[in-house]
Every structure is written in structure tokens, then in C-alpha cells.
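Architecture and fold: a report
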Amino acid sequence: MPLNAPYVMFSEPKMLAEDVDPAKPVVVWFNRDLDPGTVSAATVRLLDLTNRVPVSGEVIYTGRQVTFRPDRPLAPESRHQLVVLGGESGVKDILGTAMAQTFTLEFVTGALTGAVVPVVISPAEQEAVAPTFTILWTAVGEGFYEVQVASDLDFTKVVWPLDGEGYTTVFSEDGSFASVVPARPLEPGYYFVRVRMSGEAWSRPVGFAVYVREEPLVAENVVDELKVVNMLPSPFSGNVSLDIGKIVLEFNRELDPQSVSSKSVYVVKLPG
Amino acid sequence: MDSIVLERGFERFEVFLSEIAPEKAIPGITVQSEGTRVTITLPTLEENARYLVVVMPDVKDLAGVSLSALWCAYFASRYSPLYCSLQDVVGELGSVSSELTPGLVYDAIRDASRLADYLTGVTVTRTEIPFPVGEFVKYRAAYTILSQIITKRVLERGESYTLGDLRVDLRPPRLKELTDGLRGQMDYWRSEMLAAARRGGVNWTVRGYFTSPVPASRQL
């Protein structure tokens, strides 16, 4: 390494730090004054390695200090990597000397403080759903929720909502859950869904499949029988929180309350 | 003995009716009905358990029409230990994973995690997951699931596992490559994990991909 080359002296957070505040910017300090023209989003990047997405944000250079300020809080409990590009196409000092090598800084964010990230409940992980389905999540406050369905985990191929497609968020009576139903049926395939309150961190993406169920032919004069049409948490879901608090069953018709009791609807625990 | 089979994709779960009789219901729950919705309020769940929701045919709609048969569905509570994520395993299995349920994948991760604890002599809950342990668990779980898929296909079709047989659905060269790849990775990380345990203590970082912390100055 040339002695007169610029290099990172220290950083905040520290290399391999854990439980880093997701709301704080990432800062590195250099040993020399840099050419501000070489410090940009092209040479300083932050990646969310856990969710495999680049983080959008502003790169600021002031007095040997390079700051990456994310547009919104980083994803909680996720591994991140700051990359400061070295070499001829990277960061240079005011004399035009390049960093000998690319600098990388890795750290893991902690839980968000002051803001809670919504959790997608339905579709459940790996669940197969019909082309028209409900996206349900835990509401973390009042406000506008942004929902995305994409065909890739990086959410670079968003399939719903497309530009101009609106949607209505419906809240449960106690405000603890929120849901949307995409107005347009999705093509069969494998998708990922995520939700966030406007300007806040995204929920963990949930992968699910859309498939077309072949409906049996039903004679017109046959009365549709009473049946359970939905359950939350979804049937076959796994790793459900111990504090889930309640199970919701949805029937296709209004029930006679007299017929519903802890003798007719109950829960049994089986060994795992 | 009468039983009910719950089946989806590659997951098949059988439960005897005697196990789900009303007297087996967990205590401390309340049931409320409103319109088309029934809400069951639960106490705190236990780890590593399957919970079966049972609806008896006694339940009726306002016209007096009842369920045609007993209805039940299950979900699994938090698994422990889990030394890698569901996405880690699904990512290794690729398109094969489209027929899997979360319960099946989590079962495999938990069992592989327990095996890792057993092999390394760990008897307490880990607060850190050494890198080789996470890798071993990921590949072990993926390999176990893949074995189950192949076994089920063979049993269903009553014939041996041949490449030609699987050409249509699973693209055999890919499946073979996947099986060999997972096995190779699993064996490699098993020996890394055991070597680290023999050295006495592992200092790898949690969720990290480094063998030891590297100061910023050494990155240059």
C-alpha cells in the first residue's frame, strides 16, 4: 500500500458491530482530504446483505468524513455492508491518489427503537394462494402503508402495484391488523410481499406461491355447504409467535352464535 | 383407529381422533363468534408444538345448516433451536421448494440445529451462532428435505428413482447436481464445525461471514 494513499482510519459503526441503531447514518473518517468529486453514490454504497438489496441514501463529504445517510431507517436485525470503492474508478485524495483497495465495513443492525416494523401474516411463508388473495399484516400505527409484491427477493421486479394502480387498506376494528386485496389477479408463480408504513423500514419479505385451483363443477341447485374458508394463522404455517394471542376462523356464512362454544371450537396441543 | 390426515405438498400429518377429543383442548382459551368470524383467544403458546384447531360439525349457520364434517387445521409454534433461516434453506433448494410447507422446512432446520448441538457437545441455548454451525444446519436441512422429496416420489410411483422418471417434473441433472452439492457442502461444514469445537470455543461472529473480526486498517 502506498504510504501517501488515502485510507479509512476509523468508522462508526465499528467493523462487525452488532445491534447498531438502524436510524443512524454510517460514517467513515479518512487520513487525508479527499477530492469531493470522487465521493458519490457511485463510489460509496450501502448494501443490505440479509435482504439482498442496495440501500438508497445520500452520500455526504465534509472534512475527511464520508457519511452515508439512508433515506429511511435501515432494515432491523439485518447484516449490512458499506463499500467505499478503491482503485482508479474509486475515491481519491485531493492530489488524485486512489485508495489502494476497496474498503468494506460490515455490521448488523439491532431492533428499531421508536418504530415497529409491520409483520406480514398472510400469505404465510411458502403458502400457496389463489390469484386473488388478501395481504394481511400487523398494523404498527395509523398512516399510509406501502405494499409491494415482486417476483424477486430484491423487489426489483415489482408486479403489484404497478404505476397508477391504487389500493385501499382496510384496518381491523381494534386497529391491530391491516389488509389489502390486490384488485388485479396475479399470474401463477412465486412471489414475495413486503409492507411498510410510509417512510419507515420494510417488513421482512414473505415468499408465497400463486396457483390456480381447479374448481369442481357444482350443480346449480346444490346448496353451498357451511365451511371454513380461512384461518389465521394460515394452516400449515410454522414458527408462529408464542404471543400470537388469537386465532381467527372465517366461515362462508354467518354463524348461529348459539352453536359456537369452547366445546364445538377448540385447540389441541400436539407434540412438535 | 380413526384418524385424520392433513396433507399439503410434501407434508403429510396424521392425527388420531382420540388425540383431538374435546377433553384434550388446551385450557385458558375463549371462543367468540361474530358474523362469519370466530375468534379464539389463546394463552401464550409453547415452543416446538403443533396446535390443531378443531371445529365440530355442531357449528351451524343462521339457517341451521351445519358443517358436513369435523374440520381441523394445524400450525406450528416457534421452533427452537433454529440456527439458520427458512430463506437460507429455501434458497438452496430453488424451484424444488415450491411444494414445501413452512412446517416441513422448520422441522428440518430445528432437527439439524439439534444435531449440531449434539455433535459439538453444546447443551445450553446458544446466544451466538458460529458461522460453520449455521452453514452445516442450512445444508443438512436442505439435504434432509430433498431426501424426503425423492423418497416420497419413489413411494408414490412404486418405482426406483431414475433420472428418466424425474425428467418431467424435477429436471434430473439439476436434482442430481443439487443433491451432490448439498451433500458436499454439508460434509465440509460438518468437519469445520467439529474442528472448531475441538479447538475449544468458536469466536466467529453471529450472523456474520467472517472467521474473525478484521480491524478497519487491515482492510486496506
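Owing to the predicted nature of the structure, the values given are computational and were not obtained by experimental measurement.

When the parts come together, some accessible area is lost, and that loss is often what is quoted as the size of the interface. Counting from both sides, the interface comprises 69 residues of chain B and, opposite them, 64 residues of chain A. Mapped by element, the contributors of at least two residues to the side of chain B that touches chain A are strand S2 (11-16), strand S3 (30-34), strand S4 (37-41), strand S5 (49-55), strand S6 (71-76), helix H1 (86-93) and helix H2 (102-120) of chain B. Per-element tally for the side of chain B that touches chain A: the top contributor is S5(B), with 7 residues. Class assignment for the residues of the side of chain B that touches chain A results in 40 nonpolar, 16 polar and 13 charged. Pairing of strand S20 (residues 246-251) of chain A with S4(B) involves 5 bridges; the strand directions are antiparallel. Across the sheet, the residue bridging to Leu249(A) is Val38(B), located in S4(B).

Looking at chain A, the pLDDT average stands at 84 and 92% of residues meet or exceed 70. This model gives residues 215-222 of chain A a pLDDT under 50, and the stretch forms 0 contacts once residues within four places in sequence are excluded.

All names here are of chain B. Predicted confidence across chain B gives a mean pLDDT of 76, with 75% of residues reaching 70 or more. The low-confidence segment residues 158-173, where pLDDT is below 50, has 12 contacts with residues more than four positions distant or belonging to other chains. Confidence drops under pLDDT 50 across residues 202-220; counting only partners more than four residues distant or on other chains, this segment forms 37 contacts. Of the two predicted TM-score estimates for the complex, the pTM is 0.49 and the ipTM is 0.72.

Sheets are built from strands paired through backbone hydrogen bonds, the pairs being either parallel or antiparallel. Across the sheet, which stays open at both edges, the 4 strands sit in the order S10-S12-S16-S15 (chain A) with antiparallel pairing between neighbours. The sheet terminates laterally at strand S10 (120-122) and strand S15 (170-171) of chain A, the two strands that pair on one side only.

Parameters at a glance
Residues numbered from 1 in each chain as written. Chains lettered and ligands numbered in written order. Predicted model: local features only at pLDDT ≥ 70, side-chain atom pairs only at ≥ 80, totals over all residues. Contact = placed C-beta atoms within 7 Å. Helix = DSSP H or I, 4+ residues; strand = E, 2+ residues; numbered from the N terminus. Nonpolar A, V, L, I, M, F, W, Y, C, P; charged D, E, K, R; others polar. Pairing = 2+ DSSP bridges. pLDDT = per-residue confidence, 0-100.

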